[in-house]
Amino acid sequence: MSLVDIEVGLRQQRGTLDLQDIVESAARFLEDASALEIIRWAAATFGDRLCLTSSMSDALLIDLVSRVKPGIDVLFIDTGYHFAETIGTRDAVRQVYDVNVIDVKPSRTVAEQERDLGPRLFGRNPDLCCYLRKVEPLNRALEPYLAWISGIRRDEASTRAGVKVVEWDAKRQMVKINPIARWTQEDVDNYMADNGVLINPLHYDNYPSIGCAPCTRQVAPGEDPRSGRWAGMGKTECGLHL
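Everything numeric here is computed off the predicted structure, so don't read it as measured data. (Residues numbered from 1 in each chain as written. Predicted model: local features only at pLDDT ≥ 70, side-chain atom pairs only at ≥ 80, totals over all residues. Heavy atoms only, no water.)

Draft legend 1. Fine view of the pattern of salt bridges. Enumeration according to the criterion identifies 15 salt bridges in this entry. Glu31 serves as the salt-bridge partner of Arg154, at 3.0 Å between the closest nitrogen and oxygen. Taken together, the residues span a long stretch of sequence, with Arg154 in the loop between strand 4 (147-149) and strand 5 (166-169) and Glu31 in the loop between helix 2 (19-30) and helix 3 (35-46) at a distance of 123 residues. Classification of Arg154 by relative accessible area gives partly exposed; the value is 24%. A relative accessible area of 23% places Glu31 in the partly exposed class. The salt bridge partner of Lys105 is Asp78, with a shortest N-O separation of 3.0 Å. Note that Lys105 is positioned in the loop between strand 3 (100-104) and helix 6 (110-117) and Asp78 in the loop between strand 2 (73-77) and helix 5 (84-96), a separation of 27 residues in sequence. Among the charged side chains, a salt-bridge network with shared partners connects Asp78, Arg90, Asp91, Arg94, Asp103 and Lys105. (Salt bridge = Lys/Arg side-chain N within 4 Å of Asp/Glu carboxyl O. Helix = DSSP H or I, 4+ residues; strand = E, 2+ residues; numbered from the N terminus. Buried < 20%, exposed > 50% of the residue type's maximum accessible area, 1.4 Å probe, protein only.)

Put into structure tokens, the structure is as follows:
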């Protein structure tokens, strides 16, 4: 069955099936599809109710999606704790790619959070800090959409090994599309080199995984690429994806 057949079939079913039914069908049929084919399906199925998120670690996903759906909304969570290089990458994306970058901000500024909850919440209670500055703002920003595109991959961490290319985001009651879920780091490196994709310059300074500045450190050669995130805090995910 072709991707066109899948799309037509799903469009016909939408009157009687809910989004979860669409997810189950799409996950099966698109498992072996290319990233661009998955994105084409998502764009055809959800139209303007589709967005993507980016941490501005690089513009790989933005490059892919903008080829299929120019002008798509890109949600960037501006936590107030980002490296200057990350903000610079966001600004460069706005200039280079045909996308609509939307800054998603927490309900409190950093100063207001410190006033209300004390200084350095990220060190005392990183789960709460991530929730207030990442998870809750993204939840609000995603409300107008039916589906969102994420750049997570199975090889990034054991917690992500089971992600599907299309899945049901039960927490937000919407569809989540992971078009590069099957990609390896080699696939990522090759695509970025071949297509001149923008990359956060921190990658060249031993930051293979980039989050908020207070909770991200450089990674030594041979270390797990995500070991620089929340080092020593017993934490591996911010809560956006799990």
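Draft legend 2. Region of the structure containing the UniProt feature "binding site: [4Fe-4S] cluster" (unreviewed entry) in the protein chain. Residues annotated by UniProt as "binding site: [4Fe-4S] cluster" (unreviewed entry) correspond here to Cys129, Cys130, Cys212 and Cys215. Judged by maximum C-alpha separation, these annotated positions cover 87 residues in sequence but sit close together in space, the widest gap being only 10.8 Å. The residues contacting Cys129, other than those within four sequence positions of it, are Tyr81, Gln113, Leu121, Phe122 and Lys134. Counting through the fold element by element, Cys215 comes out in the segment after helix 9 (185-195). Since its relative accessible area comes to 12%, Cys215 is described here as buried. (UniProt positions renumbered as here; feature names shortened; annotations may be inferred. Contact = heavy atoms within 4.5 Å.)

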